[in-house]
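# Residue-level structure breakdown
Each chain, letter by letter, is given below.
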Amino acid sequence: MAPPQLVQLYKEIQQTFTSGNLQQTGVLLTRLKIALTEAGLLVPLGAPNPQDLVIARDILEVGAFWSIRTKDIPSFDRYFSQLQTFYNDYSSVLPPSPREYPLRGLNLIRLLTQNRIADFHTTLESLPLPADALTSNPYIAHPINLEQWLMEGSYSKVWNAREEAPAEEYKFFVDSLMGTIRNEIASCEETAYDSLPLKDAATLLFFKNQSELLTFAQQRGWQVDLTAGKITFAKKTEEKVEIPKEKLILANLQYARELEQIV
């Protein structure tokens, strides 16, 4: 059985996390990881007590969600990696966790935000779900749709997907995706236009208000004329490459003479 101190901390973190106290949750997670290590449950081996494994799994799941809420992606990666033992190796002896597929879906979206498309498909194929059940699971269907819309260039659908997220944590990754999309659109605008009205630029970049657009414009080095209501894009100067005509002509003539000698 798990040590009494571990059980007490486990009860405490459940209450703290549910109340939304992220700072105290982080403190408790640090203490709980030490307690799990001492109890041999952080990386379980052999055949531990299933009840103890459920406690360890719940703690790591709280850690994964806490990482997203505090915008700590490396921490999320570590917690999710540690959870694989519980989801895969001990799935036959543990009751299903209601947090498993929300976290699996978050991991899929994380791969999309990092442009790891191959890893996305590999992870998707390795899920313990039949192929026809993937799209019926809202937590898995959401990243599947996002990936499809990204490949199609249907960025408006990606933007709207934020409001259709199956869990609040999903919005964090959708916002991250939109940041990447905005930079791609901005690069196209800089190439295609000399300037754009503020309203049009905000619409194309999916900004809700002008202040967000102005902040983005400053980051891109664009010139903003509030009086005229337009943005002028910073053009990159193209380097002119001079072609050495005389040298090329002489080289061709020499090559022709050598061919004549060969013939």
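Residues numbered from 1 in each chain as written. Predicted model: local features only at pLDDT ≥ 70, side-chain atom pairs only at ≥ 80, totals over all residues. Heavy atoms only, no water.

### What to know about the environment of Q82
For Q82, the location among the structural elements is in helix α4 (residues 73-89). Residue classification places Q82 among the partly exposed positions, given a relative accessible area of 25%. Along the sequence, Q82 and E61 sit 21 residues apart, while their C-alpha atoms lie 9.6 Å from each other. Discounting chain neighbours no more than four positions away, the residues touching Q82 are L42 and L60. (Helix = DSSP H or I, 4+ residues; strand = E, 2+ residues; numbered from the N terminus. Buried < 20%, exposed > 50% of the residue type's maximum accessible area, 1.4 Å probe, protein only. Contact = heavy atoms within 4.5 Å.)

### Structural notes on the sheet that holds strand β1 (residues 195-197)
What the three strands build is an open sheet, ordered β1-β3-β2; its pairing is antiparallel. Two strands close off the open sheet at either side, each with one partner strand: β1 and β2 (223-225). Within the sheet, the average angular offset between the axes of one strand and its neighbour, ignoring direction, is 20°. Note that β2 and strand β3 (residues 230-232) share three bridges and pair antiparallel. In the sheet register, V224 faces β3, and the bridge partner there is I231. (Pairing = 2+ DSSP bridges. Axes fitted to C-alpha atoms, helices over the stretch in contact; angles between N-to-C directions.)

### Some thoughts on the side chain of E189
Within the secondary structure layout, E189 lies in helix α9 (residues 170-192). Notably, E189 is buried but unbridged: the nearest opposite-charge side chain belongs to R220, and the N-O separation is 7.7 Å. Not counting the four nearest positions on each side in its chain, E189 is found in contact with L196, A201, L204, L205, W222 and F233. (Lys, Arg positive; Asp, Glu negative; His and termini not counted. Salt bridge = Lys/Arg side-chain N within 4 Å of Asp/Glu carboxyl O.)

### Considering the packing of aromatic side chains
Scanning the entire structure with this criterion turns up eight aromatic pairs. Aromatic pair F76 and F173: ring centres 6.3 Å apart, planes at 65°, arrangement edge-to-face. With F76 in helix α4 and F173 in helix α9, this pair connects stretches of sequence that are 97 residues apart. Comparing F76 with F173 shows no difference in burial state: the two are buried. Seen from their ring centres, F207 and F216 are 5.5 Å apart, and the 55° between their planes marks the pair as tilted. Owing to a relative accessible area of 14%, F207 belongs among the buried residues under this scheme. The exposure class of F216 is buried, given its relative accessible area of 7%. Put simply, the rings of F76, F80, F172 and F173 touch in pairs and so form one group of aromatic residues. The ring centre of Y101 lies 5.9 Å from the NZ or CZ of R104, which sits over that ring. (Phe/Tyr/Trp six-rings, centres within 6.5 Å; stacked < 30°, edge-to-face > 60°. Lys NZ or Arg CZ within 6 Å of the ring centre and 35° of its normal.)

### What to know about the packing of helix α7 (residues 138-152) against α9
For the pair α7 and α9, interaxial distance at closest approach is 12 Å and the crossing angle is 5°. Considered as vectors, α7 and α9 are oriented roughly parallel to each other. Of the residues in α9, those touching α7 at Y139, H142, P143, L146 and L150 are Y170, V174, L177 and I181. (Parallel < 35°, antiparallel > 145°, perpendicular 65-115°, else oblique.)

### Describing unusual backbone geometry
We note that K71 has phi near 60°; this positive angle belongs to a residue other than glycine. Along the chain, K71 turns up in the loop between α3 (50-69) and α4. A positive phi is found at N115, a non-glycine position, where the angle reads about 60°. When you line up the elements, N115 lands in the loop between α5 (100-113) and α6 (117-125).

### Some thoughts on the packing of α6 against α7
Relative orientation of the contacting elements α6 and α7 amounts to 145°, with a least axis distance of 12 Å. Considering how the two elements wind past one another, α6 and α7 form a crossing that is left-handed. Every residue of α7 that contacts α6 at I117, F120, H121 and L124 is listed here: I140, P143, I144, E147 and M151. When its residues are assigned to classes, the contact of α6 with α7 shows seven nonpolar, one polar and one charged. (Left-handed = near helix turned anticlockwise from the far one by under 90°. Nonpolar A, V, L, I, M, F, W, Y, C, P; charged D, E, K, R; others polar.)

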